[in-house]
Every structure is written in C-alpha cells, then in structure tokens.
Amino acid sequence: MPDPESLNPLTIAQWKWLLAVPLIPLAGYVIQIFFGKHLPRKGDWLMTGGMFVVMCITVTMFFVAYGHTSVGVDGHAGSAFFAESVRPGPEGQTFSWDWLYMSRAKDAGLSLPTGLMYDGLGAAMLAVVGIVSFFVHLFSIGYMQGDRRYHIFFANISLFTFAMLGLVLSDNLLFLFIFWELMGLMSYLLIGHFAQDPTSHRIKQAAAACKKAFMTTRVGDTCLLFGMAMLYFLIPEQYNEYVAQGLIEGDTIAGSFRFTDLWSNASAIVEANHGDYPLWLTVAGLFVFGGTVGKSAQVPLHIWLPDAMEGPTPVSAMIHAATMVAAGVFLLGRTFPLMSPEALAVIAAVGAVTALFAATIGCTVYDIKGVLAYSTISQLGFMVASIGCGALGLVAGLFHMVTHAFFKACLFLSAGSVIHGCHHEQDMRKMGGLRKKMPITFACMLICTLAIAGMPLFSGFYSKDRIIAAAFGGMSLKFNGGNFAASVFLPVAACLTTFYMFRLIFMTFFGAPRDHHVDEHAHESPKNMTISLMSLAALGMLGGYVWFLHPLDLMGNHGTWFTRMVDWRTMYPGVDLTETNLKGMVGGLAHRHGTAADDLEHFYHGFNPHYTALIVSIGVLLIGVFVAAQMYLRRKWNPAKVTETLGEAYVWVENKYYVDEVVDASVIKGSKALANGQRWFDENVVDGVVLSVGRIGKGLGFLCAWIDKHIVDGIVNLVGNLTQAFGSAVRLFQTGRIQQYVSFAVAGGILVAAFHLLS
Amino acid sequence: MGIEAYLFVSVALFALGIICIVSRRNILYVLMGIEMILNASSINFAAFNRFNGGGIDGQMFVIFIIILAAAEAAVALAIVLNVFHLFHSVKPSEADLLRE
Amino acid sequence: MSELNRQRLFYTVLAFLAFGSAGKGLLEAGVEGLMFSIFASLTLGGAAVCIWERSVVRSAFALMATFLGVAGFFLILGSDFLAMAQVLIYVGGVLALLLFGVMLTKPDLNERSLPRIGAATALIGGGIAFLVSQMVGVGVKTWAMAETLEEPTTKAHDIGIAFLDPKQYVVAFELAAFLLTVALVAAVYIARRRTEDFTPEEGQV
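Keep in mind the model is a prediction, meaning the values are calculated, not measured.

Cut-offs applied
Residues numbered from 1 in each chain as written. Chains lettered and ligands numbered in written order. Predicted model: local features only at pLDDT ≥ 70, side-chain atom pairs only at ≥ 80, totals over all residues. Heavy atoms only, no water. Helix = DSSP H or I, 4+ residues; strand = E, 2+ residues; numbered from the N terminus. Buried < 20%, exposed > 50% of the residue type's maximum accessible area, 1.4 Å probe, protein only. Contact = heavy atoms within 4.5 Å. Areas by Shrake-Rupley, 256 points an atom, 1.4 Å probe, with all protein chains shown as cover. Salt bridge = Lys/Arg side-chain N within 4 Å of Asp/Glu carboxyl O. Arc of directions from axis to C-beta. Axes fitted to C-alpha atoms, helices over the stretch in contact; angles between N-to-C directions. Parallel < 35°, antiparallel > 145°, perpendicular 65-115°, else oblique. Nonpolar A, V, L, I, M, F, W, Y, C, P; charged D, E, K, R; others polar. Buried area = accessible area lost by both parts, 1.4 Å probe. Polar contact = N/O pair within 3.5 Å; in protein donor to acceptor, adjacent residues only side chain to side chain. Core = buried A, V, L, I, M, F, W, Y, C linked by side-chain atoms within 4.5 Å. Left-handed = near helix turned anticlockwise from the far one by under 90°. Phe/Tyr/Trp six-rings, centres within 6.5 Å; stacked < 30°, edge-to-face > 60°. pLDDT = per-residue confidence, 0-100. Pairing = 2+ DSSP bridges. Patch = residues over 30% accessible without salt bridge, like charges linked within 9 Å, V, L, I, M, F, W, Y side chains within 5 Å.

1. Some words on the overall build of chain A
So, step 1. On a plain count of helices and strands, chain A comes out with 28 helices and four strands.
So, step 2. Going through the 759 residues of chain A one by one, you find that 57% of them count as buried.
So, step 3. Of the contacts made within chain A by residues no fewer than 6 positions apart, 80% connect residues no fewer than 24 positions apart.
So, step 4. Here chain A displays about 29,600 Å² of accessible surface, and carbon together with sulfur accounts for 67% of that area.

Right under this line is the structure:
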C-alpha cells in the first residue's frame, strides 16, 4: 500500500507540460474560431500541428510514468505510479489553484483546491486521447475537404479534445463534471455540424440527432449531479459521526470533491461500518453510474449514439473511441472505490444487457456506420459489465477502453474512407468488392476487425479475454444476478460481435460489386487519410500488448503494459479494496473454498479463469467467423432465409427492439399527455373543488355572520375571497408562458421557505 | 445601522424584482426585474462583507455579479431582438412555443 | 379612479414614505441613518416607479435611480470601488443597452394604461418579502456578526491584487473575462441580420 503522503513524483516542469496538454487545443480553438476563416488553408495545419505537439507530450509523459512503475512478482502488485499536483513534489512545491477562492472559507477548510492528477490510468488515457485525436485531425484534413464550415469543424473538434483531456487530468469530481458538460455541449455542436449548413440534404436529421444526443445525455448528467451532491454532503456527515463515536480515529473532515479524499473517506466509512456499504453510498454510487449510463450509452439511454452518426465521420470516430463514451467508463474507473457490491451488481447487469442487446441489433443494420455504432454500444457494455464484476474486471474493462479506442477509431476512420471513396454512400448493400480498389483501407479494417473480434495477437484479444475471465471469476466469487448476466451474456455478445463485424467486411470488401455507380467512383483515399488509418491499425494490433517483445508469453498471461500501469491493488492510494469493495463480493468465496476474505489475492492467483475464458473467446470467435462466412462470403446459407426462419424475432431486432418508439410513446407522448391531463384536471376538477370550497367558505361566512356578525365576518370573507383568488390562479397552469412559470417557481420557493420556517 | 436594515432593503428589492418580472407585459421588463434581483443580491453581499469583519471576498462576489449582469444584459437583449423579429411582439406571453 | 388620480396617489404615497423614512433615519441614527434612508428610498422608490410606469423609457430611467441607490449603499458600506463600478457598468452600460432595446423594438400599443398588479402577484411579492425577511431574521441571529465595525480598509488596489494573485482569484477572473468575451460575441452573433445565410455557395458537395 503506497503512502498517500509521498505521491507526487513529478517535477514542476513536468506538471507544466501536462498543464499545456489541454491548454494547447484550447488556445487553438480561440485562434481558430476568430481567425480560422482567414488563415491559409483555413487553419487546419494549426490545429493538427497543435494536436501533434499534444500527442508528443502525452506519449513522452506516458513513458515517464511508465518508468516509475515496476512489474509485480507472483501476482503481487508492483510499484505503482500516482501523482497529484496538489501534494508537494520532489521540489517541495505544489501546483494547484483554488477554485472559488474565499479567504475566510479557506481558513475554515472550505476551499475547493484544484490541481492535476496523473496516475497510471490517467497516463494511459491521456496518451490514447492524444494519439487518437491527432490522427482524427489528420484524417479530417482529407475527409472534410470542401466542407462549408471547415474551420468551425476544426475549432469544435479541438475544443472537444480539450474537454476530454481536461476531464482525464482533473483531480476532482467537480472539474470532471465541468469538462463532462463541456463535452456534452461540444458533441451537440459536432453531431449537428451539418444542421448549420443550409445546403446539406440531411439538415433535419442532423438537427434532430444533436438535440437527441444532448437531451438524452442530460438525463444521465442530472443523475451524476445528484450523486456528486450526495457524496459531497453525506460523506463528511457520516464520517464525522463515526469520528464522534470513536470508530474512526483522527479529525473531522469537510466536504470535498477530490478523488483521493472521496476514496479514502468513503473507504474509512466502510471499514468503520465493518465492511458494509451504507445504503446512501450505494444510492450515490448508482446516481454516479447514471452519468455513465447517459454518456457511455448504456441501456436505456443508448438511443442517442446510433443517431449521433449524423455528424461527420471523424466526429463519430472521436465520440466512439477516445472522448465522449470513454468518459463514462473513465468516470467508473475514477469512482470505483465508492461503488458497493450491490451497485456493482447493477452495473454488471446493465452492462451485460447492453452488450448483448446492441450486438443483436448490430447484426441487422445495413448502414456501415450503423453497424459500428451498435458495436460501440456493445463494447461499452462489455467494459461496464466488466467493471461491475469486481476488481480484476475493473482493470480488464479499463484496458478494453484503451484498446477499443485504438481499433474503433481505426474502424470508424476506415468506414469514413470507404464512404469518402464511394461518394458518401453508406449502405453496405450497394458496396462489395472494394478490396481491390481500396487495399489500404481494407487491410486496416481487417486488422481492426480481427482486434475487435478478439483474435489472439491482436489488442482486443488481451482485453476482451480478461473481461470474460473476470466475468467467470466474479461468478465463482459470489453469485448475483449481475455476475450471472455478465458471464452468460458476454460470450454470446462476443460471438455476435465477430459475426456482425465479419458480415461488414464480407459485404463491403468481398464479392462482386453490387452497384456500378458506386463501384466506378470507388478510389483509395488521399495520403493523409491512409497514414492515419495505418498508424491506428498498427496500434489496434499492438496497442494492447507488444507480443513480439515477449515471444515466450504470447498470450500475455504475465500482464501487459496496462496491467503494469493500472493495478487494482495500487491504483487507489489509501484504499484497500479487499477491505471494502471486495469484501462483499468474496462472501461466497469464503463459504465455498474455506478461505478467508483476505485471500482474495491468493484466489485470483490460484484459480485462474483465464484459460476457460481463452477457450471460450477463441471458440466464439471461430463460430462467428464461420457463420458470417457461410452467409455472406460463400453464400451457402441465404441470409434472407435465415431472416425468414427467425421471423418475428428478426423484426423486433431490426427495429431496435422498438426502444425509440417506446421512449417516444412513453416518455415524450406520456409527458405531453400528462401535461394535458393536468391541465384538464386543473380546469375541471381543481377549479370546481376550489370554487366550491370558496363557496362553502363564503356560505360559512354568511352563516357565521348571521351568528356572530361583528367578529368573524371579515375574516371568513377574506378566506373565501382568497380561496377564490387561488382558484383563479390555479386555472392559469400549463400555458407555456414564461412569466407564469416564474410565478409558480416563486410560489414553490415560498412554500419551501414557509416549511423551513415552520418546522 | 445594523445589518438587518440592509437586508430588509435587499429583500424588498428582490420582491419588487419578482413582481416586475411577473406583472408586466413587455419582455424588457423581465430584464429590468432580473437586474433588480441581481442588485438585491449585490447589496446582500456587500452588507455581509462589511458586517462580517471587512475583507475582500464579498466585494469580489459583487464584482462577479456585475460582470455576470453585463454579460446577461448583452445576451438577453440579443434574444429580445430575435424574439421581436420572430413574433413581431415584445410580449413574453406571445413567445409560448415551449408549449408545443 | 381616473388614471391621473391614480398616478397622483401613487407618487404622493411614495413621497410620504421617502420623507418619513428619511426623518426616521435621521432621528434614529443621525447622518448615517439619513444617508441610508435616502439611498433606500432611491432604490426601492425607483424600483416601484419602474414597475408602475406605463412607458418603457420612463421605467428605464426609474431603474437608473435604483442603480444609483445601490451604488450609494456600496459607498456607505465602504466599498468605493464597487460604487464606481456600479455606476459605470449599470448606469453606463446595462441601462444604455436597455434603452437600445426600447428603441429597437416596437412598444405594444395595446398594453393597458397602467399595469394591473393582480392579487396573485401582490400575494407572491408580499409572500416572498415576508418569508425571506423572516428567514433573514432567523439567520442574522445564528450568524456571528462583528460586534464593532472597523473602518473599511479595502481599496481598489487590494481588489486588483486579489484578482491577479495566482493563489486567489486569477482563475475566476480570467474565466469571467472569457465569459464576457464569449457573451458579447454571442450577442452580436445572435442579433445579427441573417439574410446572407441562405445564398448558396459554390463548391459544395
């Protein structure tokens, strides 16, 4: 367990380089948005050059961080890398600022210190974001050529990268949330890129898609905000209560958003609570997970991601690979010690369902980008389910996030290259035989398809295999619905992944050309596009594990660079996951194997589900390729007949399980109907009741006046009139008028205030 | 003069701002009401700053409020012009597309 | 009651309240009280006239009284810089913007001669005033307030230092500057005429 106090091995100069990483795209954005139109070549070289510098810094810093780590021996953790600029570094200086500085509040310990955080996970993620964004920028120079809003596109995608880099580097939840929201905004602008272009023929679809993406992720963001508020207020409350009871030694604490504080305070609470998570922490964890559901497109908030293809293809590559959706998984990685076993079970179940659900839809889509979009959702489901399976799965899921970023970026850019070559034709049924016309694109796409399918020696294998192993391992640790779903659904989803990816390859690149118009125009893309493709394809192959450096361990059983950088035993300093997070998960283990909960490490080392998973994942790979080849390459099985055999089920899947329709019918129509219903209720029932109450009041007033004219008459009349006035005020509900909404809001505020005063 | 006096003025100005937003039928009055509310909170900050032992924090917040008000006035005015362009009216009750 | 009489009544009541509060302030707290009463009358009277007056231009000028009154409060609270900034930005900037708004939009001629402050509105306003003041009353008792007031020492110089000190407000300051720039550019962007938008350009795929 590393000492939390000596956790800043970086010098000030290195921190400054890291700070420059997000600031370069930001500066580029400001220049580009104001002067981009007037720069030579509309400023694309400026943005791409800036991203090249960012890539160099992130990769260099990654190797600096890598140099601080060492390999563990015998299943024990090696030395980890963790740096937080708020702590004094080797030069004795800190590198931080105060957000919302207040001199008095600072004396009371209520400031919000903000700094950078650079740990193994952050280093890996930062390098991935830097690399992928640079190649996406490079690709866009060719792909977006001739676009009307070329300079705006570069400005926006640069700010998008800035948001993701800032999110990865922030050392507290508040800043993570700020960048998170910024990313939501930028995705809105980028998905709706063509909506601002009056000459585009898909202007309406783009406008609808960006609105949908923004609104859908908003639901998740609200959840995250709730979760943050709960963590900020409830952790200190419970902690200080335990301090008062003597269960925790030390001083009382104030609320904090910093990750290190959240981890150590929450785990102190859990340890004081005998390893049980309090209910509110489970709820808060689920709220935080709600943010992931929105951003990482998990069921049921996945509906925005397929529509997000309306944006330009490089944007899809960014969203699907390095930025937007990875942010949700990254958030889970950052908040893992706050997740109780119950919350993890929910996470695993949601992820597993998403993986299978999206994979089935992916088999029926004909849009080349649509297949990739559903495959992203499915792969995200893999990651989330894996994180839900406990600590080993955490590392596996985050590893998959990294490898997936490489090969999915390459896949999307290849799809973009195909679309570009075929004159913006996206329907796979019109393609075919492109292998000879676009050899580089074909080679890159094939490499990445093998990677996503989990072929040994390709990056996706090393992560996906670990995910399935973690799912089996989690299952044998403790049985719950989430683990069960993960270990059953994930292999099936992996099989379907192979099937639909090879279906894509066979339909697009093999066979005879199906549409002569498309075929005549098909050509290989320009050099800057193919360079991006080849670089990303190389990373898609070797980004997970550089196997030729380890010829004796081709399967990566002794760990890869990622497991060396990110180890669940050391990635959260000051937190012993075996005491908190995993204690609930190993209850079943102790029962069955007669081992104590502390022997978790031993367990993971001794019983290795790795080999089971290896067989399963290679098996499903072969099945998927075989079926796809039979149906689409060798044409032995007629896809139409298969479709017919599947019957109703196929129709369901083809219509995406009617989720969009259900959401439309239930949420959107429902809220409209609710509003109308309320209005009707107000106009007919409430008014009637209120008016009659008023009349009764009045009548009572007259009665009283008759009995005691001189005392109560005035008061009762007043009550009657007030009730009538209230009745007429109530009638004004639901008009769509802003001023009235303000009045209602204020009235609500008054009620709350009155309640506060009276109680 | 105690702090209560300032706070009562602030409360009254806040209430007048709300009334201004709610009662008038010109969208420019909504803007004016918002300015009143922001000024009410400024008075609060300045008063607490003074009566809580001096210092600078409260004044900084007032400066940020003023900055915010300036930005808000500029953007809101642009919106008002657009609303006028779109609906040919400055009545906030006309702009009820939210109901759709 | 005719419109003229209503106007007369309104302004008479306002004047009475202003003079009454000035006298009360003078009697209770001397010159400081008098200053306070004058500024309070300016602030609240301006706001009331702003709501009451039928023409937008008059309302805007009444709002100027409110802004000046608040500036006066800043002065007697020892924040000279704020008073200056208030006059410069609100009176010079925001109010000018509002007047531009008045000029660029057509007044609604169908508006009633005088605003009808409905029972509901009055109830809302009164409700807020009452409840918030009650809460303030509770709060003031619980918040520790200084027993004796020292002479305020903050000068514009200190504020400048605080803004640029990397350990204090510099991040917020830069962000505020950024926000202002963005807001102004956005305002220009939103308010621009958009006729040239729909002329097709060449070279479009």
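Resuming the write-up.
2. Brief notes about the overall build of chain B
So, step 1. Each helix and strand in chain B was counted, giving three helices and zero strands.
So, step 2. Overall, chain B shows an N-to-C arrangement of helices and strands of α-α-α.
So, step 3. By the burial criterion, 68% of the 100 residues in chain B qualify as buried.
So, step 4. Surface summary for chain B: the accessible area is close to 3,300 Å², and the carbon and sulfur share equals 67%.

3. Structural notes on the side chain of E310(A)
So, step 1. Here E310(A) is to be found in the loop between α10 (304-307) and α11 (313-322).
So, step 2. Setting aside chain neighbours within four positions, we find E310(A) in contact with I191(A), F194(A), R202(A), Q205(A), A206(A) and A209(A).

4. Overview of the pattern of salt bridges
Residue and element names in this part refer to chain A.
So, step 1. Applying the stated criterion across every chain, the model contains 11 salt bridges over all chains.
So, step 2. Salt-bridge contacts for E84 lead to R87; the nearest nitrogen and oxygen are separated by 3.0 Å. Of the two residues, E84 and R87, neither departs from the other in class, the shared state being buried.
So, step 3. Among the ionic pairs, D307 bridges to K212, the shortest N-O distance being 3.0 Å. Here K212 lies in helix α7 (residues 203-245) and D307 lies in helix α10, a separation of 95 residues in the sequence.
So, step 4. On the basis of relative accessibility, which here comes to 21%, the residue K212 falls in the partly exposed class.

5. Observations regarding helix α5 (residues 156-164) of chain C
So, step 1. Within the span of α5(C), buried status applies to I159(C), A162(C) and F163(C). For α5(C), the angular spread of the buried residues around the axis is 100 degrees, confining them to a single face. Exposed positions of α5(C) whose direction lies more than 90 degrees from the buried face are H157(C) and L164(C).
So, step 2. Contacts from the buried residues of α5(C) go to α3 (57-87) of chain B together with α3 (80-104) and α6 (170-191) of chain C.

6. Remarks on the packing of α3(B) against α5(C)
Each pair of packed helices can be summarised by the angle the axes make with each other and by the distance between the axes.
So, step 1. Orientation of α3(B) relative to α5(C), taken along the N-to-C sense of each, is 75 degrees, at an axis distance of 11 Å. Classed by the angle they form, the pair α3(B) and α5(C) counts as roughly perpendicular. Mapping the contact onto sequence places Q59(B), M60(B), I63(B) and F64(B) in α3(B) and I159(C), A162(C) and F163(C) in α5(C).
So, step 2. Across the contact of α3(B) with α5(C), the residue classes break down as six nonpolar, one polar and no charged.

7. Concerning the interface of chain B and chain C
So, step 1. On the chain C side, the residues contacting the 64 residues of chain B number 80 residues.
So, step 2. Summing the contributions of chain B and of chain C, the shared interface buries around 6,500 Å²; its carbon and sulfur component is 78%.
So, step 3. The tally of links between chain B and chain C comes to zero salt bridges.
So, step 4. Along the contact surface separating chain B from chain C lie seven residue pairs in polar contact (both at pLDDT 80 or more).
So, step 5. Contributions of two or more residues to the side of chain B that touches chain C are made by α1 (3-23), α2 (27-51) and α3 of chain B.
So, step 6. Here the side of chain B that touches chain C is composed, by residue class, of 48 nonpolar, nine polar and seven charged.

8. Quick notes on the nonpolar core
So, step 1. By size, the foremost hydrophobic cluster in this structure holds 227 residues, and its most contacted members are Y118(A) and F562(A).
So, step 2. For this core, the element with the most residues is helix α15 (residues 391-421) of chain A, which contributes 19 residues.
So, step 3. The next biggest cluster of nonpolar side chains, apart from the first, holds 80 residues, and it includes L82(C), A83(C), V94(C) and A176(C).

9. Considerations on the environment of V371(A)
Residue and element names in this part refer to chain A.
So, step 1. Among the structural elements, V371 can be located in helix α14 (residues 368-388).
So, step 2. In the structure, V371 is positioned 16 residues away from I387 in sequence and 24 Å away in space, judged by C-alpha atoms.
So, step 3. Apart from the residues lying within four places of it in its own chain, the contact partners of V371 are G362, V365, M428, Y500, R503 and L504.

10. Some thoughts on the environment of F287(A)
So, step 1. Tracing the sequence through the fold places F287(A) in helix α9 (residues 279-295).
So, step 2. The spatial distance from the C-alpha of F287(A) to the C-alpha of G227(A) is 4.7 Å, given a sequence separation of 60 residues.

11. Section: unusual backbone geometry
Residues and elements named next belong to chain A.
So, step 1. Between V299 and P300 the backbone carries a cis peptide bond, its omega angle lying at 5 degrees.
So, step 2. Mapping P300 onto the fold places it in the loop between α9 and α10.
So, step 3. The phi dihedral of K42 falls on the positive side, at around 55 degrees, and the residue is not glycine.
So, step 4. Note that K42 resides in the loop between α1 (12-35) and α2 (44-68).

12. Let's talk about the packing of α1(A) against helix α5 (residues 150-169) of chain A
All names here are of chain A.
So, step 1. One way to put it is that α1 packs onto α5 with a least axis distance of 8 Å and a crossing angle of 160 degrees. In this view, α1 runs roughly antiparallel relative to α5, as classed from their interaxial angle. Taken as a pair, α1 and α5 cross one another with a handedness that is left-handed. Contacts from L18, V21, P22, P25, L26, Y29, Q32 and I33 of α1 reach α5 at H151, I152, F154, A155, N156, S158, L159, F162, L165, G166 and L169.
So, step 2. When its residues are assigned to classes, the contact of α1 with α5 shows 14 nonpolar, five polar and no charged.

13. Remarks on the packing of aromatic side chains
All names here are of chain A.
So, step 1. This structure, assessed with the given rule, holds 41 aromatic pairs over all chains.
So, step 2. Geometrically, the ring pair formed by Y188 and F214 is tilted, given 5.3 Å between the ring centres and 55 degrees between the ring planes. Here F214 lies in helix α7 and Y188 lies in helix α6 (residues 173-191), a separation of 26 residues in the sequence.
So, step 3. A residue is classified by how much of its surface remains accessible, and Y188, at 32% relative accessible area, is partly exposed.
So, step 4. With a centroid separation of 5.9 Å and 85 degrees between ring planes, the pair formed by W547 and F548 is classed as edge-to-face.

14. Considering the confidence of the model for chain B
All names here are of chain B.
So, step 1. On average, residues of chain B score 82 in pLDDT, and 88% of them are at 70 or above.
So, step 2. The spread of mean pLDDT over the elements of chain B runs between α1, the lowest at 85, and α2, the highest at 89.
So, step 3. Overall fold confidence for the complex sits at a pTM of 0.75, while the interface term, ipTM, reaches 0.89.

15. Overview of the pairing of strand β2 (residues 96-99) of chain A
Here is the key point about a regular strand: its side chains alternate between the two faces of the sheet.
All names here are of chain A.
So, step 1. The side-chain alternation of β2 yields one buried face, formed by S96 and D98, and one unburied face, formed by W97 and W99.
So, step 2. Both β2 and strand β3 (residues 112-115) contribute to a ladder of four bridges, which runs antiparallel. Bridged to S96 within β3 is G115.

16. Focus on a nonpolar patch on the surface
So, step 1. Among the surface-exposed residues, I31(A), F34(A), F35(A) and V185(C) lie close enough to one another that they form a single nonpolar patch of about 360 Å² accessible area.
So, step 2. Turning to its location among the elements, V185(C) is positioned in helix α6.
So, step 3. Looking at V185(C), the relative accessible area reads 38%, which means it is partly exposed.

17. Re the environment of I89(C)
So, step 1. As for its placement among the helices and strands, I89(C) is situated in helix α3.
So, step 2. For I89(C), a relative accessible area of 31% puts it in the partly exposed group.
So, step 3. The spatial distance from the C-alpha of I89(C) to the C-alpha of V57(C) is 19 Å, given a sequence separation of 32 residues.
So, step 4. Contacts of I89(C), omitting those with residues within four sequence positions, involve I66(B), A70(B) and V94(C).

18. Brief notes about the side chain of H400(A)
Residues and elements named next belong to chain A.
So, step 1. Topologically, H400 is positioned in helix α15.
So, step 2. H400 sits in the buried class, given a relative accessible area of 0%.
So, step 3. A polar side-chain atom of H400 sits 2.8 Å from a polar atom in the side chain of Q379.
So, step 4. Among all residues touching H400, those that are not within four sequence positions of it are Q379, F382, M383, A405, F407, S463, K464 and I467.

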